[in-house]
Amino acid sequence: MPLSNLNKEQLEAATCDSGYNLIIASAGTGKTSTIVGRIANLINSGVKPDEILLLTFTNKAAAEMVQRVAKFFGKEIATKIMAGTFHSVSYKLLRKLEINITLKQPNELKTLFKSLYEKRVFYNRDDEANPYDGGYLYDLYSLFLNSNDGEEFGQWIISKNAAHELYTPIYEDVVLEFDDLKKKYGYVNFDDLLVLMLNTLKETEFEFKEILVDEYQDTNPLQGRLLDAFKPKSLFCVGDYDQSIYAFNGSDIGIISTFSTRYKGANVYTLRKNYRSSRPILDLATRVIEHNERIYEKNLEVMRNDVDIKPKLLAFNELFGQYEYISKLISQSNTAHNEIAIIFRNNSSADGIEVNLREFNIPAKRKGGMSFFDAMEVKFILDILMMQISHNDMMAFIHVIEYGKGIGKAIAKDIFDALVKLGHGRLFDGLFNPDEKIKNPYESNKVKNIQLGLFDDFIELGSLAKFKDCGFEERFLSNPILKHPKLSVEGATYLYDFYKLIKELRRVKTPSSQIEHIVRSPLFNRIKEILSTKRATQKDGSINLELKNNSISKINRKAVLLRRLSTHYTDLSKFINSMVLGGSEMSEGDGVNLLSVHASKGLEFKEVYVIDLMDGRFPNRKLMSKGGSLEEERRLFYVAVTRAKDVLYLSFAKYDRIKKIDFVNSPFLKEAGLIRNETKTDS
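Residues numbered from 1 in each chain as written. Predicted model: local features only at pLDDT ≥ 70, side-chain atom pairs only at ≥ 80, totals over all residues. Heavy atoms only, no water.

**Thoughts on unusual backbone geometry**
Counted only if it meets this: Here a helix means four or more residues in a row that DSSP labels H or I, a strand means two or more in a row labelled E, and each is numbered from the N terminus. Buried means the residue's accessible area, taken with a 1.4 Å probe over protein chains only, is under 20% of the maximum for its type, while exposed means over 50%, and partly exposed covers the values in between.
Cis peptide bonds are those with omega within 30 degrees of zero, and the linkage from Phe 618 to Pro 619 qualifies with 15°. Relative to the elements of secondary structure, Pro 619 occurs in the loop between strand S15 (605–610) and helix H28 (621–625). In this model, Lys 231 sits at a positive phi of 50°, which is unusual for a non-glycine residue. Tracing the backbone shows Lys 231 in the loop between helix H11 (221–229) and strand S7 (235–239). Accessibility expressed as a relative area gives 52% for Lys 231, which makes it exposed. Of note, the phi angle at Asp 612 is positive, near 55°, even though the residue is not glycine.

**Quick notes on the pairing of strand S6 (residues 210–213)**
Worth spelling out the cut-off: By this definition, two strands are paired if DSSP reports at least two bridges between them. Handedness rule for crossovers: strands pointing away from the viewer, path from the first strand over the helix to the second running clockwise, crossover right-handed.
Both faces of S6 are covered, namely the face carrying Glu 210 and Leu 212 and the face carrying Ile 211 and Val 213. As paired elements, strand S2 (residues 52–55) and S6 share four bridges and run parallel to each other. The residue bridging Ile 52 from the neighbouring strand is Glu 210, located in S6. The sheet contact formed by S6 and S7 spans three bridges and is parallel. Bridge pairing links Leu 212 to Phe 236 in S7. Between the parallel pair S6 and S7, the chain is carried across by H11, and the sense of this crossover is right-handed.

**Digging into the sheet that holds strand S14 (residues 592–596)**
To keep it simple, the criterion reads: Here the axes come from fitting lines to C-alpha atoms, over the contacting stretch only for helices, and the angles between their N-to-C directions go from 0 to 180 degrees.
The six strands lie next to each other as S11-S16-S15-S12-S14-S13, forming an open sheet whose pairing is parallel. Because the sheet does not close on itself, it has two edges, and the strands there are strand S11 (312–316) and strand S13 (364–367). Each adjacent strand pair in this sheet contributes to an overall mean axis angle of 20°, direction not counted. Of the pairings in the sheet, the one linking strand S12 (residues 340–344) to S15 comprises four bridges and is parallel in character. In the sheet register, Ala 341 faces S15, and the bridge partner there is Val 608.

**A short note on the UniProt feature "domain: UvrD-like helicase ATP-binding" (unreviewed entry) in the protein chain**
Heads up, the rule is: UniProt positions are given in the numbering used here, feature names are shortened, and annotations may be inferred rather than shown by experiment.
Mapped onto this numbering, the UniProt entry gives "domain: UvrD-like helicase ATP-binding" (unreviewed entry) at residues 4–278. Across residues 4–278 one finds 48% helix and 12% strand; the C-alpha atoms that close the span lie 25 Å apart.

**Things to note about the environment of Asp 393**
Note the following rule: Residues count as neighbours in contact if any of their non-hydrogen atoms are within 4.5 Å of one another. Nitrogen and oxygen atoms within 3.5 Å of one another constitute a polar contact, given that in protein one can donate a hydrogen and the other can accept it, and given that sequence-neighbouring residues count only through two side-chain atoms.
Checked against the element boundaries, Asp 393 lands in the loop between helix H17 (376–389) and helix H18 (394–401). Taking relative accessible area as the criterion, Asp 393 reaches 0% and is therefore assigned buried. It is 9.2 Å that separates the C-alpha atoms of Asp 393 and Phe 416, two residues lying 23 residues apart in sequence. When sequence neighbours within four positions are dropped, the list of residues in contact with Asp 393 reads Thr 102, Lys 104, Tyr 187, Met 386, Met 387 and Phe 416. Polar contacts involving the side chain of Asp 393 include one to the side chain of Tyr 187, which spans 3.0 Å.

**Concerning the side chain of Ser 551**
Within the fold, Ser 551 resides in helix H25 (residues 545–566). Given a relative accessible area of 7%, Ser 551 falls into the buried group. Leave out the neighbours within four places in its chain, and Ser 551 touches Leu 531, Ser 532 and Arg 535.

**With respect to the packing of helix H7 (residues 134–147) against helix H9 (residues 168–185)**
Definition in use: By definition in this entry, angles of less than 35 degrees are roughly parallel, angles greater than 145 are roughly antiparallel, angles of 65 to 115 are roughly perpendicular, and the rest are oblique. Classification convention: Asp, Glu, Lys, Arg as charged; Ala, Val, Leu, Ile, Met, Phe, Trp, Tyr, Cys, Pro as nonpolar; all other residues, Gly among them, as polar.
The geometry of H7 relative to H9 is characterised by a closest axis approach of 12 Å and an angle of 75° between their N-to-C directions. Between H7 and H9, the angle is such that the two are roughly perpendicular. Along the contact surface, H7 presents Leu 137, Tyr 138 and Tyr 141, while H9 presents Tyr 171, Val 175, Phe 178 and Asp 179. Tallied by class, the residues present in the contact of H7 with H9 amount to six nonpolar, no polar and one charged.

**Digging into the packing of helix H14 (residues 279–289) against helix H29 (residues 630–641)**
Relative to each other, H14 and H29 sit at 175°, their axes nearing to 9 Å. What the angle tells us is that H14 and H29 run roughly antiparallel. Facing H14, whose interface residues are Ile 281, Leu 284, Ala 285, Val 288 and Ile 289, H29 presents Arg 634, Arg 635, Phe 637, Tyr 638 and Val 641. When the residues that make up the contact of H14 with H29 are grouped by side-chain class, the tally is eight nonpolar, no polar and two charged.

Next comes the structure, spelled out in structure tokens:
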């Protein structure tokens with residue numbers, strides 16, 4: 001049984017009485033085993049599995065815990081536990097209540113937000129502060145939803161930057177229009193899921209006997225309010241204040257630090273035995289993190305005595321010499337590639353090391369920069385599939401159609417609105433059976449409002465004559481959407497390929513066969529040509545054919561991988577939602593792990609390289625100036641080095657010859673006691 005494998009501290013925590021319990025679990029102290037033990041104890045005590053709510057930071061972590069419970073109690077019992085991230089659990093519960101929603105990735109809705117924002121004109125301007133751009137305002141709105149204390153968005157903006165008070169009426173109106181459009185089409189992103197769930201809990205109650213929360217230190221105020229809205233009879237929260245690294249996303253370390261004062265009769269347990277890292281690695285991590293204020297006392301005990309390799313500092317005269325030397329070290333290492341991690345604080349660091357690994361023919365998979373699901377070709381296929389479920393999916397339509405030559409986001413939205421009008425509210429009716437009585441589907445209904453930056457935008461119709469020799473079906477050729485004055489022959493031909501593909505997909509049922517049809521279609525071939533050409537275009541405008549062929553191969557490989565993922569599903573809706581909810585947790589390929597510090601969280605490796613430890617890069621002074629802190633950067637360093645089990649390298653460079661920048665070593669190296677013993681490895 002899970003409980004028999006626990007040490008004394010873990011067992012005491014796992015079998016504690018119901019109530020409000022906080023478990024401080026440092027890196028490598030067996031928090032997962034403790035949580036699984038707690039679930040086992042609940043089931044053994046007569047709590048039904050569907051009365052248990054398990055909230056984790058990733059869906060992968062939830063699946064692993066449920067899998068471990070299944071080993072002892074069977075799959076049928078384990079899968080009844082409501083488990084997942086705050087977002088995925090909210091989605092499941094909202095669907096249980098039959099609330100109709102269409103889930104969207106945050107960056108997808110950013111496109112919609114920007115399209116609304118870019119139509120605004122700021123007549124009155126403050127000389128000291130220009131208006132935020134649309135993308136940044138969208139990110140601010142997301143941060144507001146996760147971290148506000150009940151104030152309005154405009155008030156929150158002014159509290160952050162008083163100089164923007166002049167612009168807040170427009171900011172607020174864009175947000176209002178954005179929220180209204182989302183409501184109209186049933187769109188929700190991850191933030192909306194939590195807000196919707198919070199509002200639903202005001203009228204609906206779920207009978208969970210205990211709620212377990214993993215990575216509690218990264219809870220943000222919105223998640224904290226949601227947790228309280230469940231009115232938990234018993235809470236079992238596991239976390240480590242030294243690993244709180246999501247302040248940029250609204251997480252509040254104050255939530256874990258005030259647990260015992262916010263919950264009456266709360267108990268705090270501490271797991272002190274570290275099973276992951278060797279003594280030298282843990283000693284180094286402890287020396288650095290102790291410079292942060294101690295919230296709960298903890299004195300870690302090292303349980304491993306099999307390895308005693310001291311962490312090694314690598315100092316370089318030049319930045320790219322660092323990347324080259326580390327790649328060479330890895331090429332000579334006996335450690336399996338998947339047991340090696342290179343951890344970076346900035347994406348530019350990852351770009352440099354990735355290129356050098358390739359020079360040494362070392363395979364690598366990168367997580368924390370662009371994920372597999374951020375690739376345009378993958379998004380394109382998923383958007384086509386999304387339209388098979390939700391026919392009026394405006395965002396999916398815009399993302400697909402904007403690639404047509406001369407179309408772009410604004411015209412794609414015009415075409416969407418026109419098709420919905422022609423189909424009396426149904427996009428595909430407007431595409432295949434448009435109302436012939438509607439002669440001008442592009443007529444604008446916008447109200448002019450100068451204060452809010454709104455102006456009339458009426459489109460005069462173009463002629464259909466230019467499309468007569470394009471070989472279009474008569475039904476498509478007569479569609480009034482072709483009357484958009486800015487629609488070129490190439491753009492219309494792209495639309496026709498879309499028309500033919502959607503028509504074909506109506507006869508296909510399973511996700512895998514639909515993906516196969518999409519990938520073989522003329523429309524996807526156009527996308528491959530557009531993306532591969534763009535990715536192979538040099539600074540002088542010429543096309544590198546080798547790069548283009550490599551790009552086409554990568555696009556094909558991603559399509560094959562997506563189809564392989566889809567073979568596990570017969571229901572298209574379940575496949576799409578799984579990809580959207582879990583996409584950010586998936587990485588592609590095999591080899592050395594290239595990870596941002598945030599992406600490395602919860603993982604462990606035999607051999608770890610933490611690179612670019614220069615003051616300014618790590619700690620990242622730029623992000624600190626935007627609301628971060630040295631304490632948060634120190635916690636990031638702590639997380640990075642505690643991923644290592646046996647071997648740890650820390651490296652920095654003194655000069656970047658390309659940008660002609662001098663560097664000073666990170667203060668964390670001095671705190672670690674390493675900087676006095678620099679090891680020079682290049683001349």
